[in-house]
Amino acid sequence: MASEIGAAISDQDYARVLDAWTAPELPASAAQGYWHAALAKVRRNRAAMVAVVALFLFLTSCVMAPLYAHLVAHINPFKSNLDGTVLIGGKQVPVMQSASNGLGVTPVGPTWRFGPYMLGADGQGRDVAARLLYGGRVSLLVGAASTVICLSFAVLLGIAAGFYGGIINRVISVMLDILWAFPIYLLAISLSIILINSGIRIGPLVVHSDDLILPIAIIGIIYVPYVARPIRAQVMTLRRSDFVMASICLGASDLRILRREILPNVASTLIVFTPIMMALNIITEASLSFLGIGVQPPSASWGTIIRDGEHLLYTRPLVSIAPGLAIVITVVALNILGDALRDALDPRAKLTLH
Amino acid sequence: MSLGFTIVKRLAHMVFVMFGISVLVFLIFFATPGADPAARIAGRNASPQTVALIRKEFGLDKPLPVQYLRMMDRLVIRRDLTSYVNLGEKVVPTIFRAAPVTLSLVFGAAVIWIVFSILVGVLAAAFKDRTLDRLLMILSLIGISIPVFWLGEVVNLVSQGLLHNTWLFSWVPPLGYVPLHRDPALWFKSLVLPWFTLALAFIGIYGRVLRANIVEAMQEDYIRLARAKGLPEAQVLIRHALRCSMIAIFTLFGLDFGALVGGGALLTEVVFGLPGVGYLTYQALTNLDLPMIMATVTYASFFVVSANAMVDILYSVFDPRVRND
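Residues numbered from 1 in each chain as written. Chains lettered and ligands numbered in written order. Predicted model: local features only at pLDDT ≥ 70, side-chain atom pairs only at ≥ 80, totals over all residues. Heavy atoms only, no water.

Next up on the list: the overall build of chain B. Check the secondary structure of chain B and you find 13 helices and zero strands. Projected onto its principal axes, the C-alpha coordinates of chain B cover approximately 80 × 65 × 40 Å. Among the 325 residues that make up chain B, the fraction classed as buried is 52%. Within chain B, contacts between residues separated by at least 24 positions form 67% of all contacts whose residues are at least 6 apart in sequence. Of the accessible surface of chain B, which amounts to about 15,300 Å², a share of 68% is contributed by carbon and sulfur atoms. (Helix = DSSP H or I, 4+ residues; strand = E, 2+ residues; numbered from the N terminus. Buried < 20%, exposed > 50% of the residue type's maximum accessible area, 1.4 Å probe, protein only. Contact = heavy atoms within 4.5 Å. Areas by Shrake-Rupley, 256 points an atom, 1.4 Å probe, with all protein chains shown as cover.)

Turning our attention to the UniProt feature "transmembrane region" (unreviewed entry) in chain A. All names here are of chain A. Within this numbering scheme, the UniProt entry marks residues 47-69, 140-166, 178-200, 212-231, 262-283 and 318-338 as carrying the feature "transmembrane region" (unreviewed entry). The distance separating the terminal C-alpha atoms of residues 140-166 is 39 Å; by composition the span is 96% helix and 0% strand. Annotated as 90% helix and 0% strand, the span residues 212-231 places its first and last C-alpha atoms 28 Å apart. (UniProt positions renumbered as here; feature names shortened; annotations may be inferred.)

Another aspect to go through is the interface of chain A and chain B. Taken residue by residue, the interface counts 51 residues in chain A and 54 residues in chain B. Viewed at the interface, chain B and chain A are joined by one salt bridge. Residues R208 of chain B and D339 of chain A are paired through a salt bridge, measuring 2.9 Å at the closest nitrogen-oxygen approach. Our count for the contact surface shared by chain A and chain B stands at five residue pairs in polar contact (both at pLDDT 80 or more). Counting only elements with at least two residues in the side of chain A that touches chain B, the list comes to α7 (166-181), α8 (184-198), β5 (200-202), α12 (254-290), α13 (302-308) and α14 (318-345) of chain A. Per-element accounting of the side of chain A that touches chain B gives the leading share, 12 residues, to α14 of chain A. (Salt bridge = Lys/Arg side-chain N within 4 Å of Asp/Glu carboxyl O. Polar contact = N/O pair within 3.5 Å; in protein donor to acceptor, adjacent residues only side chain to side chain.)

On to the confidence of the model for chain A. Residue and element names in this part refer to chain A. Put simply, chain A has an average pLDDT of 80, and 84% of its residues get 70 or more. The least confident element of chain A is helix α1 (residues 4-8), whose mean pLDDT is 42; the most confident is helix α6 (residues 128-164), at 92. Across residues 1-9, where pLDDT falls below 50, the model places five contacts with residues more than four positions away in sequence or in other chains. (pLDDT = per-residue confidence, 0-100.)

Residue and element names in this part refer to chain B. Following the criterion strictly, the structure yields four cavities of 30 Å³ or more and no others. Here the second largest cavity defines a volume of roughly 90 Å³. Within the residue set of the lining of the second largest cavity, elements represented by two or more residues are α7 (148-162) and α8 (184-217). Split by residue class, the lining of the second largest cavity holds eight nonpolar, five polar and one charged. (1 Å grid on protein atoms, 1.4 Å probe; cavity = no way out; pocket = protein on both sides within 12 Å on 5 of 7 lines; lining within 4 Å. Points joined across faces, edges and corners; volume = space filled by probe spheres on them. Nonpolar A, V, L, I, M, F, W, Y, C, P; charged D, E, K, R; others polar.)

What follows covers the UniProt feature "transmembrane region" (unreviewed entry) in chain B. Residues and elements named next belong to chain B. The positions UniProt marks with the feature "transmembrane region" (unreviewed entry) are residues 12-31, 105-127, 134-152, 186-206, 247-272 and 292-318. Taken as a whole, residues 12-31 contains 95% helix and 0% strand, while its terminal C-alpha atoms sit 27 Å from one another. Note that residues 292-318 is 100% helix and 0% strand, and that its end C-alpha atoms are spaced 39 Å apart.

Further remarks concern the environment of G161 of chain B. Residue position: G161 of chain B is located in helix α7. Taking C-alpha positions, G161 of chain B is 41 Å from L81 of chain B, a pair spaced 80 residues apart along the chain.

For the rest of this paragraph, the subject is the confidence of the model for chain B. In the predicted model, chain B carries a mean pLDDT of 85, and the fraction of residues at 70 or more is 97%. Interface confidence in the predicted complex, given as ipTM, is 0.87; pTM for the same model is 0.86.

Right, let's talk about the packing of helix α5 (residues 91-126) of chain B against helix α6 (residues 131-145) of chain B for a bit. Residue and element names in this part refer to chain B. Two elements in contact, α5 and α6, have axes whose closest approach is 8 Å; the angle formed by their N-to-C orientations is 145°. Between α5 and α6 the crossing geometry is left-handed. Only L132, D133, L136, M137 and S140 of α6 make contact with α5, whose side of the interface consists of V120, L123 and A124. Taken together, the residues of the contact of α5 with α6 break down into six nonpolar, one polar and one charged. (Axes fitted to C-alpha atoms, helices over the stretch in contact; angles between N-to-C directions. Left-handed = near helix turned anticlockwise from the far one by under 90°.)

The subject of this paragraph is the side chain of S117 of chain B. Structurally, S117 of chain B can be placed in helix α5. Ignoring any residue separated from it by four or fewer positions in sequence, one finds S117 of chain B in contact with I203, Y206, G207 and L210 of chain B.

What follows is about the packing of aromatic side chains. The geometry of two aromatic rings is summed up by the distance between their centres and the angle between their planes. Residues and elements named next belong to chain B. By the definition in use, this model includes 18 aromatic pairs over all chains. On the basis of an interplanar angle of 85° and a centroid distance of 6.1 Å, the ring pair of F19 and Y68 is categorised as edge-to-face. Note that F19 is positioned in helix α1 (residues 3-30) and Y68 in helix α4 (residues 64-77), a separation of 49 residues in sequence. An aromatic cluster is present here, built from F107, W113, F202, Y206, F253 and F257 joined pairwise through their rings. (Phe/Tyr/Trp six-rings, centres within 6.5 Å; stacked < 30°, edge-to-face > 60°.)

Turning our eyes to something else, we now look at the UniProt feature "domain: ABC transmembrane type-1" (unreviewed entry) in chain B. Sequence positions flagged by UniProt for "domain: ABC transmembrane type-1" (unreviewed entry) are, in local numbering, residues 99-315 of chain B. Between the first and last C-alpha atoms of residues 99-315 of chain B the distance is 27 Å; the span itself is 81% helix and 0% strand.

Laid out in structure tokens, this is it:
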């Protein structure tokens, strides 16, 4: 490896060439080479690796939220604690202190010590640091789950419209056009105000109004056209390509063409879209929760914590600032990852947040 | 295809999409399983008489198509839909009164984001793969990743709280809106920070798109020709590469401008207390004032759809290549 010849052809490359020679099916290993090369390219991208590590750290710390609440904060972050006290500098201090001007109460500020109220308390006397971790769980879960919903619908609709064309294409295109033209936040608001205020009941299926599935479904649906339209266009181009024509001439069935020729090509688009859509979904969840129509109490997300801290903005700004920073770091990391994946998988694609 | 035919076809499509959206709005508000639509429209603590009245007014005992026509009649043709939360308030005129606030906000932000994104895009492309380019691109990425309502809160915290008594932000008036015709200077001052807050993410997006387009354009033959003529590099970049790359930006701009006026500026309006259409929607949301939401949603999406159609038509006027679609 260290020798000059080794630098020109690495062991892995050599093995891949051997594979290609000996493999029974050439296309499969050629495709593998593409994925290997792309993965190697992402791994060489230092910013992307930092982003992956940051996301992993966020995810693990959020998963460990109950541990933090039990062992460090010693408090249930979902119960209000208006008459509790906390030990700061050897003295018992009330969690909610009377404000200096005599009006109302101010929650205790950050202690900056690894223990109870490290980042202070919110308006209910709850531990902000512990809530931040619990909120991260919900934000990441909603972001990921809505991305899965969005991409699944987008692939189904995009492939159906692009591959079969004709009347199916017409109907799906019209649906996508209508959803596309509908202002995103107004659509989300309309759906939320109906669903979140009364829940939904379809036959035996009852979904309560505070169920997390509602914001997940709403966020998952509103961005479907953003992904389905490019996939439809890509499938239409693939459908007319020479290699699909060759498969048709060989007598391959539709299913086989879809599985062997179309899906592998669409997969790279999907992989590039995954982090970008998750970033967008996390911001959307936060925005809807900030407006009071996303995640509903008792669940908390980064967006609802920002909303809780709104009236404390000038006295205890950290309550709103901290979850916002968590959102920004997560979304920046996801966008960096998205950029790296796009560069690695499809240098010509012009995918933006739009 | 002739230009006239393209325009007619696009307008027909526009009307069709508007119809689709109005049906979707109707289905969301009147046909979602769950609570009784009349009870929803009446809002919290409504008397049974009010609910009964609404049921009769909207024809909720009639078949769905009739209900749809009734809703559209009251929303668009007679425009006499009234709120049940703020009794007697006619919702459509209220929306038209709030529109200038939203337009002031979005116009100002648009000017800022166009100017700054051209600056970012051109500088990044000129210094491609060097430190300035990397710096601008990472800043753009961060700009895109900041939730606008949180940015607004941070701006408020700094300008109204932490640094309000210093020379930096002592000029910032309290949150709220001052009409242009009453006090132009105060109008400007009260909108500067909301403008920049709203513009930031768009500066990031447009800067990145513009950089990519300029870098791509720099490979084209006409750029080689411009260089061969002996034009200075700055002139090649600005007169030739930038000019061609602006086409994509203007299409994007038309869509975003429409989307912002049609509800996208809602979060900025809420955070800065600007009583525009978005703020109206938010208030209606907290009061469960469904007629108001139905009206803002319908009118805003009609605005977005017509803005999109305008962009497409202008595009086909200026660029004959797209007419062949």
